[in-house]
Amino acid sequence: MNLPATRESKLLRSIVRVAGLLAAVLVASTSTPARAEWLYRDAPIMGTRCDVELWTEDHLKGEAAISAVFDEMRRIDNEFTTYKPESEVSRVNAAAAKAPMRISKELFDLIETSIGYSKLTRGTFDITYASVGYLYNYPEHVRPNEAQIAAALPESNYRHIHLDATAQTVYFDHDGVRIDFGGIGKGYAVDRGIAVLQGLGVTRAMVNAGGDSRIIGDRFGKPWIIGIKDPDDRSRTILRIPLADTAFSTSGDYERFFDEGGVRYHHILDPRTGKSPHKVRSVTIIGPYATRTDALTKSVFVMGVEEGLAFINGLSDIDAVAVTPDRKVWYSKGLENPQKP
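Here's a quick rundown of the structure. Remember, it's a predicted structure, so these values are computed and weren't measured experimentally.

## Observations concerning the environment of Ile127
Looking at the element boundaries, Ile127 is found in the loop between α4 (105–120) and α5 (130–133). C-alpha of Ile127 to C-alpha of Gly182: the two residues are 55 residues apart in sequence and 7.9 Å apart in space. Excluding anything up to four places from it in sequence, Ile127 contacts Ile111, Ser114, Ile161, Arg178, Ile179, Asp180 and Phe181.

## What to know about the pattern of salt bridges
Within the structure shown, the criterion is met by 23 salt bridges. The salt bridge partner of Glu72 is Arg192, with a shortest N-O separation of 2.9 Å. With Glu72 in helix α2 (residues 59–80) and Arg192 in helix α7 (residues 185–199), this pair connects stretches of sequence that are 120 residues apart. When its relative accessible area of 11% is taken as the criterion, Glu72 is described as buried. Here Arg281 and Asp232 are joined by a salt bridge, their closest N and O atoms 3.0 Å apart. Of this pair, Arg281 sits in the loop between β12 (263–266) and β13 (282–287) while Asp232 sits in the loop between β8 (224–230) and β9 (233–243), and the two are 49 residues apart along the sequence.

## Observations regarding the pairing of β12
As judged from the 4 bridges shared by strand β11 (residues 257–260) and β12, these two strands associate in the antiparallel manner. Looking at the pairing, Phe258 lines up with Tyr265 of β12. Hairpin remark: β11 followed by β12, antiparallel, with 2 residues in the connecting loop; positive phi at Gly261, about 60 degrees.

## Examining the nonpolar core
If you look at the biggest cluster of nonpolar residues, it comprises 66 residues, and the most contacted ones within it are Met73, Ile111 and Phe181. The element best represented in this core is α2, accounting for 7 residues. Setting aside residues no more than four positions away along its own chain, Ile111 makes contact with Ile103, Ile127, Ile161, Leu163, Val170, Ile179 and Phe181. Ile241, Leu243, Val323 and Leu335 belong to the second largest nonpolar core, which has 14 residues in total.

## Points about the packing of α7 against helix α8 (residues 290–303)
Look at α7 against α8: their axes get within 7 Å of each other, and the N-to-C directions meet at 165 degrees. On the basis of their axis angle, the class for α7 and α8 is roughly antiparallel. The two elements α7 and α8 cross, and the hand of that crossing is right-handed. Here α7 contributes Gly185, Lys186, Gly187, Tyr188, Val190 and Asp191 to the contact with α8, which in turn contributes Ala290, Thr291 and Asp294.

## A word on the sheet that holds strand β6 (residues 205–209)
Hydrogen bonds between backbone atoms are what pair the strands of a sheet, whose relative direction is either parallel or antiparallel. As summarised here, the arrangement of the 8 strands in space is β1-β2-β6-β7-β10-β13-β14-β15, forming an open sheet in which the pairing is antiparallel. Whereas interior strands pair on both sides, the edge strands pair on one side only; in this sheet they are β1 (37–45) and β15 (329–331). Averaged over all pairs of adjacent strands, the angle between strand axes in this sheet comes to 10 degrees, irrespective of strand direction. Sheet analysis places strand β14 (residues 319–323) next to β15, joined by 3 bridges and oriented antiparallel. The partner of Ala322 across the bridge, within β15, is Trp330. The strands that α8 touches are β7 (212–216), β10 (246–252) and β13; relative to β10, the one it contacts most, it runs at about 30 degrees. Seen against the sheet, helix α9 (residues 305–313) touches β13, β14 and β15 and runs at an angle of roughly 170 degrees to β14.

Rules used throughout
Residues numbered from 1 in each chain as written. Predicted model: local features only at pLDDT ≥ 70, side-chain atom pairs only at ≥ 80, totals over all residues. Heavy atoms only, no water. Helix = DSSP H or I, 4+ residues; strand = E, 2+ residues; numbered from the N terminus. Contact = heavy atoms within 4.5 Å. Salt bridge = Lys/Arg side-chain N within 4 Å of Asp/Glu carboxyl O. Buried < 20%, exposed > 50% of the residue type's maximum accessible area, 1.4 Å probe, protein only. Pairing = 2+ DSSP bridges. Core = buried A, V, L, I, M, F, W, Y, C linked by side-chain atoms within 4.5 Å. Axes fitted to C-alpha atoms, helices over the stretch in contact; angles between N-to-C directions. Parallel < 35°, antiparallel > 145°, perpendicular 65-115°, else oblique. Left-handed = near helix turned anticlockwise from the far one by under 90°.

Okay, structure coming up:
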């Protein structure tokens, strides 16, 4: 069929326009792929492995969100570590016993939060444990003798820390007082990581730093399943618990330790004795925030099963699982039907 020249030219122009639109759509779809998927990445930060897993509908945005979490964790590590002399915490340890020292609002708030947990746990959690804790070197199998512990122990007491909210200062009333956020800092970093993701619109994710984790959302109608490891065989899971929108932390005597003379010297110290407690092998705490669960794992570990679970049963927002040296698994009253493998 022969078309008039005018109609033919219009048809050709329409075909060209349609072809151009299809080509543009094709280029856009191939150059900026957007697919819904779970993304996972880990990185060594704060002396441990940190992990982020999240659901995203845009691969590049998901990767950028994970990077933002790791950047925030590195920032916290740089400011709150005691392994870097230039960190704010190291500067506080060096100078706060000489005169009140003005500090950042973030550090002030974390010290204040830590003191709150010291009061709540009757001193079984205490960031001044570092006044004795610095004498231990687990990789080198170094520990203080009884005389060294006795000399340093009076400084291990949160009551030596004085905060002035108006001036935003901290002061130590004894020489030799040191603070360390090893018992709460990773949990705090996890909570900050979750805040970063929520600010970017992420609604399903897990952030982990060592043994401290927090999850938001579920896995599309299914819970996240956390496993509690056998303290004697880390490849074996002794308990599985379904969770969503919560935090959980595990502390065990198998993380940083050395054995000498039939005694295990591990990184969890009773701030009242300056020594490693041995009433339990591991403690897992489940609660709303990782800062809270991190601090409370150390407290229950120090208290032991009977005192520790009685303490946890008095907190409406917390549950606990403890494993004792005889391999028995103990639960707080809120965990009635845990899943055993």
